[in-house]
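These are the residues of each chain, in order.
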Amino acid sequence: MAYTEDERAFLESHVWAVLATGRRDGSPQQGMVGYTLDGEGRLLISTRTPTARWNNIERNQRVSVTVPDGHVHLLLYGTAELIADDPERAERTADILAVVRGPERPDPTSILGWMNEERRGVVRITATKVLLHH
C-alpha cells in the first residue's frame, strides 16, 4: 500500500507506536514498540520471541498500530510477518536500532550474540489501511 505524502512524513518523523495484536480469546493485547520503515514502507519492529505479542501474531497475522502525537495520531491496519532467521533478522534489527537508539547503524554481525541471548525476532507489518487523524 502506498502512503500519502502526509502519512509517510508522519511515520518517518516518529519512532514509537502502540502495536495491538489479538489474544487467544479474541481480546486485544497492546504494547509500546519502537519502529522504523523499510524501503518498501513496511513497519519493522524488534521484539522478543517468547512473548504474547509474538505468539499472537503466529496465530493471527492481522494487527493494528497507532502512532500517537498529542491529539494527532496515525492508525494503521495491516498484516504482520515474523522474521526469525538470519541474516534477515539481524539486518532488520540493525535497521531498527539505527532509528530507535541511533545515530549509527550497528553491524548486524555485532548484535547476533545479544539477539540470541535476548531471543529477539522482527515483526514486519504491511499496511492494508492507514488513517491520519488531525
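Cut-offs used in this document
- Residues numbered from 1 in each chain as written.
- Predicted model: local features only at pLDDT ≥ 70, side-chain atom pairs only at ≥ 80, totals over all residues.
- Heavy atoms only, no water.
- Helix = DSSP H or I, 4+ residues; strand = E, 2+ residues; numbered from the N terminus.
- Rg over C-alpha atoms; globule rule 2.2 N^0.38 Å.
- Buried < 20%, exposed > 50% of the residue type's maximum accessible area, 1.4 Å probe, protein only.
- Contact = heavy atoms within 4.5 Å.
- Lys, Arg positive; Asp, Glu negative; His and termini not counted.
- Charge placed at Lys NZ, Arg CZ, Asp CG, Glu CD.
- 1 Å grid on protein atoms, 1.4 Å probe; cavity = no way out; pocket = protein on both sides within 12 Å on 5 of 7 lines; lining within 4 Å.
- Points joined across faces, edges and corners; volume = space filled by probe spheres on them.
- Nonpolar A, V, L, I, M, F, W, Y, C, P; charged D, E, K, R; others polar.
- Pairing = 2+ DSSP bridges.

## With respect to the overall build of the protein chain
- Tallying secondary structure elements over the protein chain gives 4 helices and 7 strands in all.
- The C-alpha radius of gyration computed for the protein chain amounts to 14 Å, which stays within 12% of the reference 14 Å derived for 134 residues, consistent with globular compactness.
- Counting only C-alpha atoms, the protein chain reaches 40 × 40 × 25 Å along its principal axes.
- A burial count over the protein chain gives 45% of its 134 residues as buried.
- A separation threshold of at least 6 residues defines the contact pool for the protein chain, and within that pool the share at least 24 residues apart is 65%.
- Charge centroids of the protein chain, computed over 16 positive and 19 negative side chains, lie 8 Å from each other.

## Considerations on unusual backbone geometry
- Of note, the amide linkage connecting Asp 86 to Pro 87 takes the cis form, showing an omega dihedral of 15 degrees.
- Following Gly 102, the chain continues to Pro 103 via a peptide bond in cis, the omega torsion being -10 degrees.
- Inspection of the secondary structure puts Pro 103 in the loop between α3 (88-100) and α4 (112-118).
- Within the chain, Arg 119 stands out as a residue other than glycine whose phi angle is a positive 55 degrees.
- Tracing the sequence through the fold places Arg 119 in the loop between α4 and β7 (120-133).

## Some words on the layout of surface pockets
- For the largest pocket, the calculated volume is near 190 Å³.
- Where the lining of the largest pocket is concerned, the elements lending two or more residues are β2 (28-34), β4 (43-48) and α3.
- Grouping the constituent residues of the lining of the largest pocket by class yields 7 nonpolar, 3 polar and 3 charged.

## Structural notes on the pairing of β2
- Pairing of strand β1 (residues 16-22) with β2, which is carried by 7 bridges, proceeds in the antiparallel orientation. Each bridged residue has a counterpart across the sheet, and for Leu 19 the counterpart in β2 is Gly 31.
- Counting the residues that bridge the hairpin from β1 to β2 gives 5 residues, and of these Gly 26 lies at a positive phi of roughly 95 degrees.

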